[in-house]
Amino acid sequence: MDHAKALIVIPTYNERDNVERLSTVVLGTYPTVELLFIDDNSPDGTGQLLDALAQREPRINVLHRAGKLGLGTAYLAGFKWALQRDYAYIFEMDADFSHDPKYIAEFLREIEQADLVLGSRYTVGVSVVNWPLSRLLLSKFATCYVRTVTGMPASDATGGFKCFRRTVLETINLDKIRSNGYSFQIELSYYTWLAGFRIREVPIVFYDRIDGVSKMNKKIVREAIMVVWRLFFSHLFVRKPRSIPFYQRPT
């Protein structure tokens, strides 16, 4: 399918040190991919810098929001913006280079045989650089927790580097997604899996951010714990597609 129809949605809050460099790398490497930044009124001037970049580069798009409204609602706003246009593939990606742009090409290859491609840190051992042990254990526990409670066979349930086929986002009722922290990733993948879409996981190396400050906090962790049980009970009597396992691409 035409790779010119790919859009990468990137939420930002205080990412001024990263957005210009990221745009240069992505757009310079993938001449047919476009970017959509969603800025939550960053006090460091990220939004103003993005506007300046967009004036010079038509493949950069910017949505401004009134304040820090959360990761989940930022992605939902980006998805709805994309669906109003003719993009075939829609990515999620962080602004801080935790997600290496080199994997975009692989995502685009895999999405031709799938409906959702997940970048996984745990398909082959542990592929995380510069995380403290406490953060790594929390992430691994979260994935085991999600698999046990919901039955969704993801090797990395909380990862945020993804590529959706347009049909997935058109089929899922985006207005019913209630999570707003990192649990948003769990909920969206769960609904995709529950609908029986083809899901592939590809191994990535995740790099902890170099510039900026992590958005992780205790509120986000509590939300994730509750969301998993909400998904379990709200679909307790729904037949799960256990016969359609996630496909993990061999290394």
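Residues numbered from 1 in each chain as written. Predicted model: local features only at pLDDT ≥ 70, side-chain atom pairs only at ≥ 80, totals over all residues. Heavy atoms only, no water.

Concerning the overall build of the chain
Thought 1: Regarding its fold elements, the chain presents eight helices and 10 strands.
Thought 2: Looking at the chain as a whole, 55% of its 251 residues are labelled buried.
Thought 3: A separation of at least 24 residues holds for 82% of the contacts in the chain among residues at least 6 apart in sequence. (Helix = DSSP H or I, 4+ residues; strand = E, 2+ residues; numbered from the N terminus. Buried < 20%, exposed > 50% of the residue type's maximum accessible area, 1.4 Å probe, protein only. Contact = heavy atoms within 4.5 Å.)

Focus: the side chain of Asp-100
Thought 1: With respect to the helices, strands and loops of the structure, Asp-100 is situated in the loop between β4 (89–92) and α4 (104–110).
Thought 2: Despite its burial, Asp-100 remains without a salt bridge, the nearest opposite charge being carried by Lys-102 at 4.3 Å. (Lys, Arg positive; Asp, Glu negative; His and termini not counted. Salt bridge = Lys/Arg side-chain N within 4 Å of Asp/Glu carboxyl O.)

Comments concerning the side chain of Glu-15
Thought 1: Locating Glu-15 in the fold gives a position in the loop between β1 (6–12) and α1 (16–29).
Thought 2: A polar atom in the side chain of Glu-15 sits 2.7 Å from the side chain of Asn-18. (Polar contact = N/O pair within 3.5 Å; in protein donor to acceptor, adjacent residues only side chain to side chain.)

Some details on the nonpolar core
Thought 1: Judged by nonpolar contacts, the single largest core of 38 residues is most densely connected at Phe-79 and Leu-188.
Thought 2: Elements that contribute at least two residues to this core include exactly β1, β2 (33–39), α3 (71–83), β5 (116–120), α5 (133–150), α6 (166–171), α7 (183–194) and α8 (218–234).
Thought 3: No other element matches the seven residues that α7 contributes to this core.
Thought 4: Judged by nonpolar contacts, the second largest core, of 32 residues, contains Val-33, Leu-49, Ile-104 and Val-117. (Core = buried A, V, L, I, M, F, W, Y, C linked by side-chain atoms within 4.5 Å.)

Remarks on unusual backbone geometry
For residues that are not glycine, phi is negative in most cases, and the peptide bond is trans in most cases.
Thought 1: Non-glycine residue Asn-14 carries a positive phi angle of around 55°.
Thought 2: Structurally, Asn-14 can be placed in the loop between β1 and α1.
Thought 3: With a phi angle near 70°, Phe-97 is a residue other than glycine that sits in the positive phi range.
Thought 4: Topologically, Phe-97 is positioned in the loop between β4 and α4.
Thought 5: We classify Phe-97 as buried; its relative accessible area is 17%.

A look at the pattern of salt bridges
Thought 1: This structure, assessed with the given rule, holds 10 salt bridges.
Thought 2: Taking the shortest distance from any N to any O, the salt bridge between Glu-57 and Arg-59 comes out at 3.7 Å.
Thought 3: Judged by relative accessible area, Glu-57 falls into the partly exposed class, the value being 23%.
Thought 4: One salt bridge in this structure joins Asp-175 and Lys-80, with 2.6 Å as the shortest N-O distance. One end of the pair, Asp-175, is in the loop between α6 and α7; the other, Lys-80, is in helix α3, and 95 residues separate them in sequence.
Thought 5: Overall, Asp-175 belongs to the exposed group, its relative accessible area being 60%.
Thought 6: In this structure, a network of salt bridges that share partners links the residues Asp-115, Arg-165 and Arg-198.

What to know about the pairing of strand β3 (residues 60–64)
Thought 1: As paired strands, β2 and β3 are joined by five bridges and run parallel to one another. In the sheet register, Phe-37 faces β3, and the bridge partner there is Val-62. (Pairing = 2+ DSSP bridges.)

Some remarks on the pairing of β2
Thought 1: Burial within β2 is extensive, with six of its seven residues counted as buried.
Thought 2: Viewed along the sheet, the connection from β1 through α1 into β2 turns out right-handed. (Right-handed = clockwise from strand over helix to strand, strands pointing away.)

Notes on the environment of Ile-38
Thought 1: Considering the arrangement of structural elements, one finds Ile-38 in strand β2.
Thought 2: Owing to a relative accessible area of 0%, Ile-38 belongs among the buried residues under this scheme.
Thought 3: For Ile-38, the contacting residues outside a window of four places in its chain are Val-9, Ile-10, Pro-11, Thr-12, Leu-63, Arg-65, Ala-74, Ala-77 and Gly-78.

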